[in-house]
Amino acid sequence: AAGVIQSPRHLIKEKRETATLKCYPIPRHDTVYWYQQGPGQDPQFLISFYEKMQSDKGSIPDRFSAQQFSDYHSELNMSSLELGDSALYFCASSPGRDLGEQFFGPGTRLTVL
Amino acid sequence: AQSVSQHNHHVILSEAASLELGCNYSYGGTVNLFWYVQYPGQHLQLLLKYFSGDPLVKGIKGFEAEFIKSKFSFNLRKPSVQWSDTAEYFCAVNRGYSGAGSYQLTFGKGTKLSVIP
């Protein structure tokens, strides 16, 4: 079965650089969630989209922005990177906003030097 | 806002021992409950979920969990663990269906399980 695809899987950036993370949800899933998992931490919700519209924001810094495109893939744009942004970034998709279950991608490991 | 509390940070068991990981949540409304497992270096995989109905739910790999509404708990159990169960386990909740809005997951801090052969 198709799964959530994230690219790149690993990314190394310098401080103050920008990064773009991509997420391709499972086909026919219209809802995407982004989570950030710091080292040894639990995943923290960043932002979500439903039918290409932002549906909620969590603890997402103002330096970050995201959008969902017409094909339902989503991109998380991160600017002015800081050391503390080093983390695993997960995308999850759901077949409907209110159906509860989320399917997670493999994550993008971002390292900021 | 929801919150999730997992009681144990690190659990060490011998193979064939029984497992119970505690999870309590705080939320005033209807919730969906989940247990996810994260093997070293891998992504989150769903072990089991509870939306409604029978409070005893069975998941993959012999895991089960019981939802006790009066205690706001959703403890994970397995009668006999294997070395391959070594992983980190996260309890998570989101709100049950209630119309517009987002259904993001709130996770507990996770419990690391180490199974000794």
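Here goes a summary of the coordinates provided. (Residues numbered from 1 in each chain as written. Chains lettered and ligands numbered in written order. Predicted model: local features only at pLDDT ≥ 70, side-chain atom pairs only at ≥ 80, totals over all residues. Heavy atoms only, no water.)

1. Examining the sheet that holds strand β3 (residues 19–24) of chain A
All names here are of chain A. Put simply, the rule is: Strand pairing is assigned whenever DSSP detects at least two bridges linking the two strands. Only DSSP runs of H or I covering at least 4 residues are called helices, and only runs of E covering at least 2 are called strands; the numbering of each starts at the N terminus. Each axis is a line fitted through C-alpha atoms, taken for helices only over the stretch in contact, and angles between the N-to-C directions span 0 to 180 degrees.
Pairing is antiparallel in the open sheet, where four strands are placed in the order β1-β3-β8-β7. The two strands at the open ends of the sheet, each matched to only one other strand, are β1 (5–7) and β7 (64–68). Between one strand and the next, the sheet's axes are offset by a mean angle of 15 degrees, whatever the strand orientation. Across five bridges, β7 lies against strand β8 (residues 74–78) in antiparallel orientation. Each bridged residue has a counterpart across the sheet, and for Q67 the counterpart in β8 is E75.

2. Observations regarding unusual backbone geometry
Defined as follows: Think of it in three bands: with a 1.4 Å probe and only protein chains considered, a residue is buried below 20% of the maximum accessible area for its type, exposed above 50%, and partly exposed in between.
Cis geometry is found at the peptide bond from S7(A) to P8(A), where omega equals -10 degrees. On the secondary structure map, P8(A) appears in the loop between β1 and β2 (10–13). Its identity is not glycine, yet Y72(A) carries a phi of approximately 75 degrees, on the positive side. Mapped onto the fold, Y72(A) is located in the loop between β7 and β8. The residue K61(B) is not glycine, and still its phi comes out positive at about 60 degrees. With respect to the helices and strands, the residue K61(B) is situated in the loop between β7 (56–58) and β8 (64–68). Since its relative accessible area comes to 44%, K61(B) is described here as partly exposed.

3. Comments concerning the interface of chain B and chain A
Defined as follows: Any two residues whose heavy atoms approach within 4.5 Å are treated as being in contact. Buried area is calculated as the accessible area (1.4 Å probe) missing from two parts once they are joined, with the contributions of both summed. Salt bridges are identified by distance alone: a Lys or Arg side-chain nitrogen within 4 Å of an Asp or Glu carboxyl oxygen. Counting of polar contacts relies on pairs of N or O atoms within 3.5 Å, with two restrictions inside protein: one atom must be capable of donating a hydrogen and the other of accepting it, and residues adjacent in sequence are counted only when both atoms are side-chain atoms.
Listed per partner, the contact involves 23 residues of chain B and 21 residues of chain A. For the pair chain B and chain A, the summed buried surface comes to about 1,800 Å²; carbon and sulfur atoms form 54% of the total. At the junction of chain B and chain A, the tally comes to two salt bridges. Summed over the shared surface of chain B and chain A, the number is seven residue pairs in polar contact (both at pLDDT 80 or more). Elements represented by at least two residues in the side of chain B that touches chain A include exactly β5 (31–38), β6 (44–50) and β10 (87–95) of chain B. Per element, the largest residue contribution to the side of chain B that touches chain A is four residues, and it comes from β5(B).

4. Here's the deal with the pattern of salt bridges
All names here are of chain A. Using the criterion set out here, one finds ten salt bridges over all chains in the structure. Across the salt bridge formed by K22 and E75, the nearest N and O atoms sit 3.9 Å from each other. Of this pair, K22 sits in strand β3 while E75 is found in strand β8, placing the two residues 53 residues apart along the sequence. For K22, a relative accessible area of 30% gives the class partly exposed.

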